[in-house]
Amino acid sequence: MNDTILILDFGSQVTQLIARRLREEGVYTRILPCTAEADAITATSAKGIILSGGPNSVALADTPRAPGIVFELGVPLLGICYGQQTMCQQLGGLVEPGDEREFGRAEVTVSRGCRLFDGLWDEGNAYPVWMSHGDRVTAIPDGFDAVATSSGAPFAAIADEERGYYGVQFHPEVVHTPDGAGLLSRFAKVICGVEGDWSMAAYRERTVAAIRQQVGAEGKVICGLSGGVDSSVTAVLLHEAIGDRLTCVFVDHGLMRAGEAEEVIRLFGDHYNIPLIHKDAADLFLGRLADVSDPEQKRKIIGATFIDVFDQAAASIKGAGFLAQGTLYPDVIESVSATGGPSVTIKSHHNVGGLPEDMAFELVEPLRELFKDEVRALGRELGMPESLVGRHPFPGPGLAIRIPGDVTREKCNILRQADFIYLEEIRAAGLYDDIWQAFAVLLPVRTVGVMGDARTYECVCALRAVTSTDGMTADCYGFSHEFLSRTATRIVNEVRGINRVVYDYTSKPPGTIEWE
Ligand code: XMP
């Protein structure tokens with residue numbers, strides 16, 4: 001059992017980054033909502049507690065507060081932004097709305113050394129940090145000293161060395177605070193005495209045990225496979241935990257990339273020997289999509305058809321009470337409600353089109369705490385092939401949202417060939433792993449060209465490639481002129497139906513990654 005640091009979530013958008021930074025330092029963390037019961041907090045046996053930031057104002061009476069138990073456990077505390085403010089207020093300090101709001105890059109000056117800073121930040125020096133606050137602490141509780149200041153926060157960092165209580169107004173968990181990971185690591189390892197021996201191997205072990213406990217000795221689980229990294233890692237993890245009590249369902253909507261459906265069947269059916277139901281439903285999907293051009297309508301039809309087919313397959317698996325999903329942390333927006341009431345709103349984004357709420361399954365979501373690159377690391381830990389683990393994300397509705405306008409089998413085939421050439425060139429140039437996502441789009445626009453001595457009148461293909469860390473924002477990838485012209489030449493020469501290639505330079509925002 002690894003030592004645990006508990007993070008109490010006050011609703012910040014970046015709470016998971018605290019956990020992530022600590023995992024990078026080998027520290028195991030648990031996250032509970034700030035409304036957690038005392039028993040649940042005690043049960044974590046945490047060696048230290050971090051109070052996260054949050055969107056509320058401590059200056060208002062009905063906003064969340066840290067549960068009293070955190071001050072009774074005798075373990076070190078670190079309050080971040082809202083966490084610092086509520087800690088101060090609850091221990092007898094004062095928090096007021098600041099005249100000067102600080103957002104973005106700022107500087108703090110270390111006014112006094114403390115154990116949080118030792119070896120990292122020196123007295124008298126200034127360091128860059130990332131701030132995001134309106135309120136600020138104006139009087140600190142007894143026992144605390146100011147250890148850093150900023151222009152907008154007289155108490156940018158505070159310390160009560162005797163109790164091991166620390167507070168920072170800035171956000172150490174974001175990359176814009178260059179020494180932030182070091183500060184979090186010092187809090188966990190030096191101040192809380194955590195070993196820092198957590199690893200992906202330990203995560204695997206812990207998660208397998210948790211799955212066994214949730215599912216029980218008899219429980220049966222269904223897992224939908226999409227061919228992507230998340231559902232694949234989920235399936236392999238489940239298989240390790242419960243063996244043949246897992247059945248995978250692969251709904252093949254005919255909107256996959258070249259060779260992908262075959263690969264899913266080969267890997268899961270043959271290599272892993274996992275009971276696999278393969279539903280070849282291309283005709284059904286394409287039939288229902290015929291003559292439909294509206295993007296949202298297309299997504300809705302694909303989602304509903306997916307449910308129909310999946311439902312039917314699931315009904316044939318007798319006695320399955322659980323449904324496994326590869327939901328990742330960025331898919332889960334967990335936030336404390338704006339009123340600070342006890343409810344925690346959870347919005348789950350389902351990987352493949354969305355499943356109906358009345359499905360009589362209990363969800364198993366073993367990747368809920370992880371970011372995409374951590375899922376990849378887990379896949380490698382499970383010994384999964386690099387070609388799968390390192391694969392770019394692929395949307396549930398597949399090629400249908402990369403064919404603006406109506407979707408036909410012929411268009412899918414044309415797009416598949418162009419996409420294959422594009423990715424082959426990217427791999428050959430050694431660029432695949434530098435790119436978050438790259439794909440071709442088949443436009444419903446025909447243009448005139450000349451091939452040999454003949455006039456052509458065929459479709460335009462757009463190429464897209466972006467860099468991103470989470471898919472929420474993205475930048476266009478800057479290929480060389482040579483790369484783009486080589487790829488364009490190959491696509492026009494080798495794919496019948498395309499006679500012009502363009503490159504999409506739009507970032508997100510204002511564009512989205514997919515075209516629909
Ligand atoms: P957008 O186009 O919104 O996409 O910038 C952001 C990321 O999400 C993927 N995406 C989806 N993934 N089901 C999915 O599983 C979907 O319906 C879906 N739509 C978009 C997209 O490929 C990108 O990685």
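How each quantity is defined
Residues numbered from 1 in each chain as written. Predicted model: local features only at pLDDT ≥ 70, side-chain atom pairs only at ≥ 80, totals over all residues. Heavy atoms only, no water. Helix = DSSP H or I, 4+ residues; strand = E, 2+ residues; numbered from the N terminus. Rg over C-alpha atoms; globule rule 2.2 N^0.38 Å. Buried < 20%, exposed > 50% of the residue type's maximum accessible area, 1.4 Å probe, protein only. 1 Å grid on protein atoms, 1.4 Å probe; cavity = no way out; pocket = protein on both sides within 12 Å on 5 of 7 lines; lining within 4 Å. Points joined across faces, edges and corners; volume = space filled by probe spheres on them. Nonpolar A, V, L, I, M, F, W, Y, C, P; charged D, E, K, R; others polar. Axes fitted to C-alpha atoms, helices over the stretch in contact; angles between N-to-C directions. Parallel < 35°, antiparallel > 145°, perpendicular 65-115°, else oblique. Left-handed = near helix turned anticlockwise from the far one by under 90°. Contact = heavy atoms within 4.5 Å. Pairing = 2+ DSSP bridges. Salt bridge = Lys/Arg side-chain N within 4 Å of Asp/Glu carboxyl O. Near = heavy atom within 4 Å. Polar contact = N/O pair within 3.5 Å; in protein donor to acceptor, adjacent residues only side chain to side chain. Areas by Shrake-Rupley, 256 points an atom, 1.4 Å probe, with all protein chains shown as cover. pLDDT = per-residue confidence, 0-100.

### Quick word on the overall build of the protein chain
Piece 1. Of the regular secondary structure elements, the protein chain holds 13 helices and 20 strands.
Piece 2. At 26 Å, the protein chain has a C-alpha radius of gyration in line with the 24 Å of a compact globule built from 516 residues.
Piece 3. A principal-axis box enclosing the C-alpha atoms of the protein chain has dimensions of 85 × 55 × 40 Å.
Piece 4. A burial count over the protein chain gives 55% of its 516 residues as buried.

### Some words on empty space enclosed by the protein
Piece 1. The tally for this structure, following the rule as stated, stands at 3 cavities of 30 Å³ or more.
Piece 2. By volume, the second largest cavity amounts to about 40 Å³.
Piece 3. Every residue along the wall of the second largest cavity is listed here: Gly227, Ser232, Glu263, Val264, Leu267, Phe268, Leu388 and Arg391.
Piece 4. A total of 4 residues in the lining of the second largest cavity trace back to one element, the largest contributor, which is helix H7 (residues 260-271).
Piece 5. Counted by class, the lining of the second largest cavity contains 4 nonpolar, 2 polar and 2 charged residues.

### Side note on the packing of helix H8 (residues 282-289) against helix H9 (residues 295-315)
Piece 1. For the pair H8 and H9, interaxial distance at closest approach is 10 Å and the crossing angle is 150°. Classified by the interaxial angle, the pair formed by H8 and H9 is roughly antiparallel. Viewed along their axes, H8 and H9 form a crossing whose handedness is right-handed. Contacts from Leu284, Phe285, Arg288 and Leu289 of H8 reach H9 at Lys298, Ile301, Ile302, Thr305, Phe306, Asp308 and Val309.
Piece 2. Along the lines of polarity and charge, the residues of the contact of H8 with H9 split into 7 nonpolar, 1 polar and 3 charged.

### Quick notes on the sheet that holds strand S7 (residues 145-149)
Piece 1. The strand order S2-S1-S3-S4-S9-S8-S7-S5-S6 describes an open sheet built from 9 strands, whose pairing is mixed. With partners counted over all chains shown, the strands left at the sheet margins are strand S2 (28-33) and strand S6 (126-139), one partner each. Ignoring which end each strand starts from, the neighbouring axes of this sheet average 20° apart.
Piece 2. Here strand S5 (residues 94-110) runs beside S7; their pairing, made up of 2 bridges, is antiparallel.

### Digging into the pattern of salt bridges
Piece 1. Summed over all chains, the structure comprises 26 salt bridges.
Piece 2. Bridged by salt links that share partners, the residues Glu424, Glu425, Arg486, Arg490 and Glu494 form one connected network.

### As for the site of the ligand
Piece 1. Among the 13 residues in the neighbourhood of the ligand, the closest are listed as Arg299, Gln437, Lys508, Ile513 and Glu514.
Piece 2. Within the contact set of the ligand, an oxygen atom lies 2.6 Å away from a side-chain nitrogen or oxygen of Lys508.
Piece 3. Side-chain polar atom of Glu514 to an oxygen atom of the ligand: 2.5 Å apart, as the coordinates give it.
Piece 4. Alone, the ligand offers 490 Å² of accessible surface; in the complex the protein occludes 79% of this.
Piece 5. Its residues assigned to classes, the shell around the ligand comprises 5 nonpolar, 5 polar and 3 charged.

### Some points on the confidence of the model for the protein chain
Piece 1. Looking at the protein chain as a whole, the pLDDT averages 91, with 94% of positions reaching at least 70.
Piece 2. Contacts from residues 333-353, a stretch scored under 50 in pLDDT, to residues over four places away or in other chains number 46 contacts.

### A closer look at the sheet that holds strand S11 (residues 246-252)
Piece 1. A sheet is described by the order of its strands in space; here 5 strands give the open sequence S12-S11-S10-S13-S16, paired in parallel fashion. Strands at the two margins of the open sheet, each flanked by one partner only, are strand S12 (276-280) and strand S16 (362-364). Neighbour-to-neighbour, the strand axes of the sheet open up by a mean angle of 30°, direction not taken into account.
Piece 2. The pairing of strand S13 (residues 320-324) with S16 spans 3 bridges and is classified as parallel. Across the sheet, residue Ala324 finds its bridge partner in S16, namely Val364.
Piece 3. Of the strands in this sheet, strand S10 (220-225), S13 and S16 are in contact with helix H5 (residues 200-215), which crosses S16 at around 170°.
Piece 4. Across the sheet, helix H6 (residues 229-242) lies against S10, S11, S13 and S16, angled at about 160° from S10, the strand it touches most.

### Overview of the pairing of S7
Piece 1. Two elements, S7 and strand S8 (residues 157-160), share 3 bridges in a ladder whose sense is antiparallel. For Ala146, the partnering residue across the bridge sits in S8 and is Ile158.

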